[in-house]
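Here is how the chains run, residue by residue.
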Amino acid sequence: MGSLCNTYFENENVSLKDYYSENIYTWCTNCGNYGIAAATKRALVAENIVPKDTFMCFDIGCNGNGSDKIGGYRLHGLHGRVIPVATGAALANRKMTVIASGGDGATLSEGIGHLVHAIRSNYNITFLMHNNCNYGLTTGQASASTRPGIPMNSSPDGTTADTMNFMNFVLSLGASFAARTFSGNVDQMTEVIRAGIRHIGFSVVEILQNCPTYNKDTTHEWYQNRVYDTIELNDFDNTNLDSALNISKDMSERIATGILYVNPNSVPFDQRLENRKGYTTELVDEVKSYNNVSQELFSRFV
Ligand SMILES: Cc1ncc(C[n+]2csc(CCOP(=O)(O)OP(=O)(O)O)c2C)c(N)n1
């Protein structure tokens, strides 16, 4: 494990300090976002990806406040719209490693349509869903992943709507990569994010995240007492979608984490396009030459 751990901090072309940002963290003490930010940086270093080759897109929310705490190209976009932004970037330049971050509020409400279509289109991005089971930045409203009956700032008597099981939903749509991890386990998060980056297709990583200020229900300790890693199971096959669907169901007693499903035959969106077959250029390069042509034409008339 020694040499593996070292690659989290230092690799051939890149080290952790390349992803360092001088901006001051504004998250609450003990927020799960600290661990998520650390795991994201470690994963990029371990995969030997330099900041100029990464594009990280952030939704609006506490998770999005990580956008200026990391090196690399970044865009802090609109609430619920992080997936389309990341998709556009990934399609324009397939050489970039594109990572999108969004909260459960954004993903399971405003952004749910984008999630569904990104899964069926299998865009080649890694999506980190920071599931703290509430709207954190707007101070603790219940989200679709808050458990029923749990008092939240917007609903002191608890909500009556049923809770959505994000991972089970994602798997029911046939995601080509689906993993679940926990913000209190930085090593596991790092390994899962690495696998998501390596996977060619839409990689969904659900991060069960504690929110120490607004969520007094699913706390760090609550998760710690329930999560287990599927890697410890002898008979679990993470290329079997039915097994993944089955194991993802329990969100109250024993919560499965790790890589729950990988489709070994994943074909990403860009490779499905007949009219792009044989192209070796990226769309960003083609737009550049188109601009040159139009400038030349333009100069003839002025
Ligand atoms: C279209 C739109 N709707 C609502 C808001 C207000 N808003 C900003 S952050 C936020 C909560 C974000 O919660 P979540 O997505 O769960 O992320 P977290 O803060 O928990 O990381 C809301 C509702 C907004 N900025 N834009």
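Quick summary incoming for the structure in this document. Because the structure is a prediction, the values reported are computed rather than measured.

Details of the overall build of the protein chain
The helix and strand inventory of the protein chain stands at 11 helices and 8 strands. A compact globule built from 302 residues would reach a C-alpha radius of gyration of about 19 Å, and the protein chain, at 20 Å, matches this within 12%. Overall size of the protein chain, expressed as C-alpha extent along the three principal axes, is 70 × 45 × 35 Å. Put simply, the protein chain has 302 residues, and 44% of those count as buried.

Points about the environment of Gly35
Take Gly35: it is sitting in helix H2 (residues 33-46). Sequence-wise, Gly35 and Asp187 are 152 residues apart; in three dimensions their C-alpha atoms are separated by 9.5 Å. In contact with Gly35, other than residues within four places in its own chain, are Ser183, Gly184, Val186 and Met189.

Quick notes on the site of the ligand
Contacts to the ligand come from 18 residues, most closely from Gly61, His79, Gly103, Gly105 and Gly136. The biggest single contributor to the shell around the ligand is helix H4 (residues 104-108), with 3 residues. Partitioning the shell around the ligand into residue classes produces 5 nonpolar, 11 polar and 2 charged.

As for the nonpolar core
Among the nonpolar cores identified, the biggest contains 63 residues, and Ala86, Ala100 and Ala178 are the most heavily contacted of them. Residues contacting Ala178, with those up to four places away along its chain left out, are Met167, Val170, Leu171, Val204, Ala244, Leu260 and Tyr261. Residues Trp27, Cys62, Cys211 and Tyr214 belong to the second largest nonpolar core, which totals 5 residues.

Comments concerning helix H3 (residues 82-92)
Within H3, 8 of the 11 residues are buried, leaving the element largely enclosed by the surrounding structure. Regarding H3, the residues found buried are Val82, Ile83, Val85, Ala86, Thr87, Ala89, Ala90 and Leu91.

Quick notes on the pairing of strand E6 (residues 203-208)
With 6 of 6 residues buried, E6 is to be regarded as a mostly interior element. Residue alternation in E6 divides its side chains into two sets, Ser203, Val205 and Ile207 and Val204, Glu206 and Leu208, and both sets are buried. Two elements, strand E4 (residues 126-131) and E6, share 6 bridges in a ladder whose sense is parallel. Looking at E6, one finds that Asn131 is bridged to Leu208. Relative to E6, strand E5 (residues 177-182) runs parallel, the two being bridged by 6 bridges. Each bridged residue has a counterpart across the sheet, and for Arg180 the counterpart in E6 is Glu206.

Brief notes about the environment of Cys28
Along the polypeptide, Cys28 turns up in the loop between helix H1 (2-9) and H2. Sequence-distant contacts of Cys28, defined by excluding residues within four places in its chain, comprise Pro212 and Thr213.

A short note on the sheet that holds E6
The strand order across the open sheet formed by 8 strands is E2-E1-E3-E4-E6-E5-E8-E7, and the pairing between neighbours is mixed. In this open sheet, the two edge strands, each paired with only one partner strand, are strand E2 (73-76) and strand E7 (227-229). Going from strand to strand, the sheet's axes swing by 20° on average, the running direction of each strand aside. Looking at chain direction, E7 and strand E8 (residues 255-262) are connected through 3 bridges and run parallel. Within the sheet, the bridge partner assigned to Val227 lies in E8 and is Ile255. Against the sheet, H3 makes contact with strand E1 (54-58), E2, strand E3 (97-103) and E4, and its axis sits at roughly 175° relative to E3, the strand it touches most.

Remarks on unusual backbone geometry
Its identity is not glycine, yet Asn48 carries a phi of approximately 60°, on the positive side. When you line up the elements, Asn48 lands in the loop between H2 and E1. Accessibility expressed as a C-beta count within 10 Å gives 12 for Asn48, which makes it exposed.

Thoughts on helix H7 (residues 186-198)
Taking 1.5 Å of rise per residue, 13 residues should cover 18 Å, and H7 covers 18 Å from first to last C-alpha, within 8% of that figure. Of the residues making up H7, those classed as buried are Met189, Thr190, Glu191, Val192, Ile193, Arg194, Gly196 and Ile197.

Quick word on the environment of Leu241
Its place among the elements puts Leu241 in helix H9 (residues 241-247). You can call Leu241 partly exposed: it has 17 C-beta atoms within 10 Å. A sequence separation of 47 residues divides Leu241 from Lys288, and the C-alpha atoms of the two residues are 42 Å apart. Ignoring anything within four residues of it in the chain, the contact list for Leu241 reads Leu171, Gly174 and Tyr261.

Some details on the packing of H2 against H7
Put simply, H2 and H7 touch, their axes get as near as 8 Å, and they point 50° apart. It follows from the interaxial angle that H2 and H7 lie oblique. H2 and H7 meet at a crossing whose hand is right-handed. The segment H2 lies against H7, with Gly35, Ile36, Ala38, Ala39, Thr40, Arg42, Ala43 and Ala46 engaging Val186, Met189, Thr190, Ile193, Arg194 and Ile197. Considering only residue class, the contact of H2 with H7 consists of 9 nonpolar, 3 polar and 2 charged.

Rules of the game
- Residues numbered from 1 in each chain as written.
- Predicted model: local features only at pLDDT ≥ 70, side-chain atom pairs only at ≥ 80, totals over all residues.
- Helix = DSSP H or I, 4+ residues; strand = E, 2+ residues; numbered from the N terminus.
- Rg over C-alpha atoms; globule rule 2.2 N^0.38 Å.
- Buried ≥ 20, exposed ≤ 12 C-beta atoms within 10 Å, placed from the backbone.
- Contact = placed C-beta atoms within 7 Å.
- Near = placed C-beta within 6 Å.
- Nonpolar A, V, L, I, M, F, W, Y, C, P; charged D, E, K, R; others polar.
- Core = buried A, V, L, I, M, F, W, Y, C linked by C-beta atoms within 7 Å.
- Pairing = 2+ DSSP bridges.
- Axes fitted to C-alpha atoms, helices over the stretch in contact; angles between N-to-C directions.
- Expected span 1.5 Å × (residues − 1).
- Parallel < 35°, antiparallel > 145°, perpendicular 65-115°, else oblique.
- Left-handed = near helix turned anticlockwise from the far one by under 90°.

Take it as geometry only, folks, not as evidence of what the structure does.
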